[in-house]
Amino acid sequence: MPKQPTQETTAPIVIENPWERLRAFTDARIGLGRAGVSLPTKQLLAFQLAHAQAQDAVHCPLECQALADELTQALGLNTAPLSAHSRAEDRAIYLQRPDYGRRLNEHSRQTLQQAADSGQRFDLAMVIVDGLSALAVQQNSAPFLTALYDALGRDKNEWQLAPLTLVEQGRVAIGDEVGALLNADAVLVMIGERPGLSSPDSLGLYMTWGPEVGLKDDRRNCISNVRPAGLAYEEAARRLLLLLTEARERKLSGVTLKDRSEDSVLEGGSSSTRNFLVAD
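Residues numbered from 1 in each chain as written. Predicted model: local features only at pLDDT ≥ 70, side-chain atom pairs only at ≥ 80, totals over all residues. Heavy atoms only, no water.

A short note on the pattern of salt bridges
Next, step 1: Here the structure, examined in full by the defined rule, presents 13 salt bridges.
Next, step 2: The closest approach of N and O atoms between Arg248 and Asp123, which form a salt bridge, is 3.3 Å. Taken as a pair, Arg248 in helix α8 (residues 233–250) and Asp123 in strand β2 (residues 122–129) lie far apart in primary sequence, 125 residues in all.
Next, step 3: Salt-bridge contacts for Arg220 lead to Asp176; the nearest nitrogen and oxygen are separated by 2.8 Å. Of the two residues, Arg220 sits in strand β6 (residues 220–226) while Asp176 sits in helix α7 (residues 174–181), which places them 44 residues apart along the sequence. Across the pair, Asp176 and Arg220 agree in class, each one buried.
Next, step 4: Linked through salt bridges whose partners overlap, the residues forming this network are Arg103, Arg109 and Glu177. (Salt bridge = Lys/Arg side-chain N within 4 Å of Asp/Glu carboxyl O. Helix = DSSP H or I, 4+ residues; strand = E, 2+ residues; numbered from the N terminus. Buried < 20%, exposed > 50% of the residue type's maximum accessible area, 1.4 Å probe, protein only.)

Structure below.
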């Protein structure tokens, strides 16, 4: 006589998690369910894929010429972006010697000095750096800069922009040297952030007033996670323009310059309604 199925044999192998519906609102790994005491195979494979994508993002080289051509066309540049390189000759040295990634090599210094021979002073130098995720730079720098150029063009203040610069094997601080060489009052570094397991393509923005070699991180303002699944390009450009405007008025940046882009507690609220976390 055939054996009758029991509750144990008919129970599903994968036990769904009631928090799973929250995954529609976040990339965080929540509500994954379980198979026995382990993750379901599907979720384990997804984790391994994300880990591989994060590793690839760190080691993937920046396609400088393709990006330069894209930026020239998207932004309507009259001249192609300047090309520069840090003192880290390759990716292995870059990962082992962070200090090499913070300074330009001699050839790049000479290139930027020649570009600044006219002695013209600029309000802002924009520097695109591969950082720890060339993927983030390749995918997000052109659409973000398109939004930023549009915001700067509509601003009541006029902005004199230094030649756009692309830097390979660079870290955030290399922008200080670039900005100083190009005679810029402020520098914006767009850099690929350290990849996470749900964000291998996150672009970070670092703004510094009065760039010079040797500045510490407390002199910078940061806007992070600029990408389609994170902070939208237009919103990132809006926040950055507010920071730039206040930095130019007050001649400072970093911990002494508050990001007031979210001061209103309620969307559309009056200017007198302040966020107590950031307002004076």
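Moving on, there is more to tell.
Focus on the packing of helix α3 (residues 64–75) against helix α6 (residues 134–154)
Next, step 1: Where α3 contacts α6, the axes come no closer than 10 Å and their chain directions differ by 20°. Compared by their axis directions, α3 and α6 come out roughly parallel. Relative to α6, α3 is oriented so that their crossing is right-handed. Along its contact with α3, which presents Ala66, Leu67, Glu70, Leu71, Ala74 and Leu75, the element α6 presents Val137, Gln138, Ser141, Ala142, Leu145, Thr146 and Tyr149.
Next, step 2: Residue composition of the contact of α3 with α6, grouped by class: 9 nonpolar, 3 polar and 1 charged. (Axes fitted to C-alpha atoms, helices over the stretch in contact; angles between N-to-C directions. Parallel < 35°, antiparallel > 145°, perpendicular 65-115°, else oblique. Left-handed = near helix turned anticlockwise from the far one by under 90°. Contact = heavy atoms within 4.5 Å. Nonpolar A, V, L, I, M, F, W, Y, C, P; charged D, E, K, R; others polar.)

Looking at the side chain of Ser86
Next, step 1: Checked against the element boundaries, Ser86 lands in the loop between β1 (82–85) and α4 (91–96).
Next, step 2: Its relative accessible area of 1% is what places Ser86 among the buried residues.
Next, step 3: A polar contact is formed between the side chain of Ser86 and the backbone oxygen of Gln169, at a distance of 2.4 Å. (Polar contact = N/O pair within 3.5 Å; in protein donor to acceptor, adjacent residues only side chain to side chain.)

Re the UniProt feature "binding site: adenosylcob(III)alamin" (unreviewed entry) in the chain
Next, step 1: Under the feature "binding site: adenosylcob(III)alamin" (unreviewed entry), the UniProt entry names Val172, Glu193 and Cys222. The named residues occupy 51 residues along the chain; their greatest pairwise C-alpha distance, 11.4 Å, places them in one compact cluster.
Next, step 2: Position of Val172 relative to the elements: it lies in the loop between β3 (165–168) and α7.
Next, step 3: Looking at Val172, the relative accessible area reads 18%, which means it is buried.
Next, step 4: Non-local contacts of Val172, meaning those with residues more than four positions away in its chain, are made with Val189, Ile191, Tyr206 and Arg220.
Next, step 5: Among the secondary structure elements, Glu193 is positioned in the loop between β4 (184–192) and β5 (203–209).
Next, step 6: For Glu193, a relative accessible area of 16% translates into the label buried. (UniProt positions renumbered as here; feature names shortened; annotations may be inferred.)

Re the sheet that holds β4
Next, step 1: Judged by pairing direction, the sheet is mixed, and its 6 strands sit side by side in the order β1-β3-β2-β4-β5-β6 without closing on themselves. The strands lining the two open edges of the sheet, one partner per strand, are β1 and β6. With strand direction ignored, the average angle separating the axes of adjacent strands in the sheet is 20°.
Next, step 2: Pairing geometry for β1 and β3, over 4 bridges, is parallel. (Pairing = 2+ DSSP bridges.)

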